[in-house]
Amino acid sequence: MQQIDQRLSQAFPPNSQKNTRYIAQIHSVLENVKIDDIGFKDIKFRKAQTKRDIEQLKLLQQEWFPIIYAEQFYTSVLNGHVSSLIAEIEIKYPTGRKEKYIIGAMVYQQRQCKFKYQQNLTWKQWFCSFFQTQNALYIMTIGVINEFRGRGIAEYMVEQLKKIVVQSNKTLAYIYLDVVAYNEIASRFYQKHGFNRMRIKKNHYQLENQSFDGHVYVWQPN
Ligand SMILES: CC(C)(COP(=O)(O)OP(=O)(O)OC[C@H]1O[C@@H](n2cnc3c(N)ncnc32)[C@H](O)[C@@H]1OP(=O)(O)O)[C@@H](O)C(=O)NCCC(=O)NCCS
């Protein structure tokens, strides 16, 4: 008998039973809200900067990813050692109280990398690449809550990174990230936004007692 896909996030292994329930508060809050009334202009983008942001991010990332991120990861987000961009909405309760909730988040980092992911290298550049390093932006995590997927939130966040790379005057060579091979929605998303699959990392992920390949996607400015 065919098993029903119960995953809330396609980042979890296809047969996972560990991703069937929401844990972040925003989902119960949204049960009493007309989601269609919330437009893109109502979504604010900013970096994560408070302990409350981090508390929300922790729960959302548990829903989005099968990997548990260590406390150090969240400390680095809070103190800005790694960069973040969160998408947030404000909910107005009948009592007049207002509360802000995260609905999407991207965590990224500037890293020193080998030149080798650059495309269209001449032989000379290719040879030199073995001795040079370049700075690039690495997307560590990106996710959007189910209720707001398909509305261009991740696209907006990725476009902000592209702008940073373009405005860096070639100091930043490209954007790259790892995605688990079975995550077709994410792969399609990156391909649609000009990322190319540059490398396959065999058995890169060990998730729920299974091994899965990783794909490295790269975007570089023209
Ligand atoms: C991948 C992800 C971040 C995309 O976020 P998003 O805000 O829905 O993306 P956008 O709206 O900018 O782009 C939508 C595209 O994503 C796809 N998509 C993903 N989930 C979707 C959904 N529930 N409804 C509609 N489209 C969806 C579609 O292919 C769509 O392409 P289209 O514009 O041609 O219709 C989101 O699906 C997610 O959080 N997934 C779980 C976590 C994850 O896998 N992260 C990536 C790890 S590398």
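Located above this text is the structure these notes cover.
Scoring rules and cut-offs
Residues numbered from 1 in each chain as written. Predicted model: local features only at pLDDT ≥ 70, side-chain atom pairs only at ≥ 80, totals over all residues. Helix = DSSP H or I, 4+ residues; strand = E, 2+ residues; numbered from the N terminus. Rg over C-alpha atoms; globule rule 2.2 N^0.38 Å. Buried ≥ 20, exposed ≤ 12 C-beta atoms within 10 Å, placed from the backbone. Contact = placed C-beta atoms within 7 Å. Pairing = 2+ DSSP bridges. Axes fitted to C-alpha atoms, helices over the stretch in contact; angles between N-to-C directions. Near = placed C-beta within 6 Å. Nonpolar A, V, L, I, M, F, W, Y, C, P; charged D, E, K, R; others polar. Core = buried A, V, L, I, M, F, W, Y, C linked by C-beta atoms within 7 Å.

Q: Any details on the overall build of the protein? Residues and values, ideally.
A: Regarding its fold elements, the protein presents six helices and seven strands. In sequence order, the secondary structure elements of the protein are arranged as α-β-α-α-β-β-α-β-α-β-α-β-β. Relative to its length of 222 residues, the protein is compact, with a C-alpha radius of gyration of 19 Å against a globular reference of 17 Å. Counting only C-alpha atoms, the protein reaches 65 × 50 × 30 Å along its principal axes. Buried residues in the protein amount to 28% of all 222 residues. Restricting to contacts in the protein with at least 6 residues of sequence separation, those with at least 24 account for 66%.

Q: Pulling in residues and values, what's your account of the sheet that holds strand S1 (residues 44–46)?
A: Judged by pairing direction, the sheet is mixed, and its seven strands sit side by side in the order S1-S2-S3-S4-S5-S7-S6 without closing on themselves. This sheet does not close on itself; its edge strands, each paired only once, are S1 and strand S6 (196–207). Taken over all neighbouring pairs, the strand axes of this sheet differ in orientation by 25 degrees on average, direction set aside. As paired strands, strand S4 (residues 133–144) and strand S5 (residues 172–180) are joined by four bridges and run parallel to one another. Its bridge partner lying in S5, isoleucine 139 is registered against leucine 177.

Q: So, the environment of isoleucine 23: which residues are in play, and what are the values?
A: With respect to the helices, strands and loops of the structure, isoleucine 23 is situated in the segment before helix H1 (26–30). Separated by eleven residues in sequence, isoleucine 23 and lysine 34 have C-alpha atoms that sit 20 Å apart.

Q: Go over the site of the ligand, please, and point to the residues and values.
A: Near the ligand there are 22 residues, and of these Ala11, Arg149, Gly150, Ala154 and Glu155 occur at the shortest range. Partitioning the shell around the ligand into residue classes produces eleven nonpolar, six polar and five charged.

Q: Give a description of the nonpolar core that names residues and reports values.
A: Core analysis: the largest hydrophobic core is formed by 48 residues, its most contacted members being Ile103, Ala105, Tyr174, Ile175 and Tyr176. Counting residues per element, this core draws most heavily on S5, at seven residues. Aside from chain neighbours lying at most four places away, what touches alanine 105 is Ala48, Leu57, Leu60, Ser84, Ile86 and Gly143.

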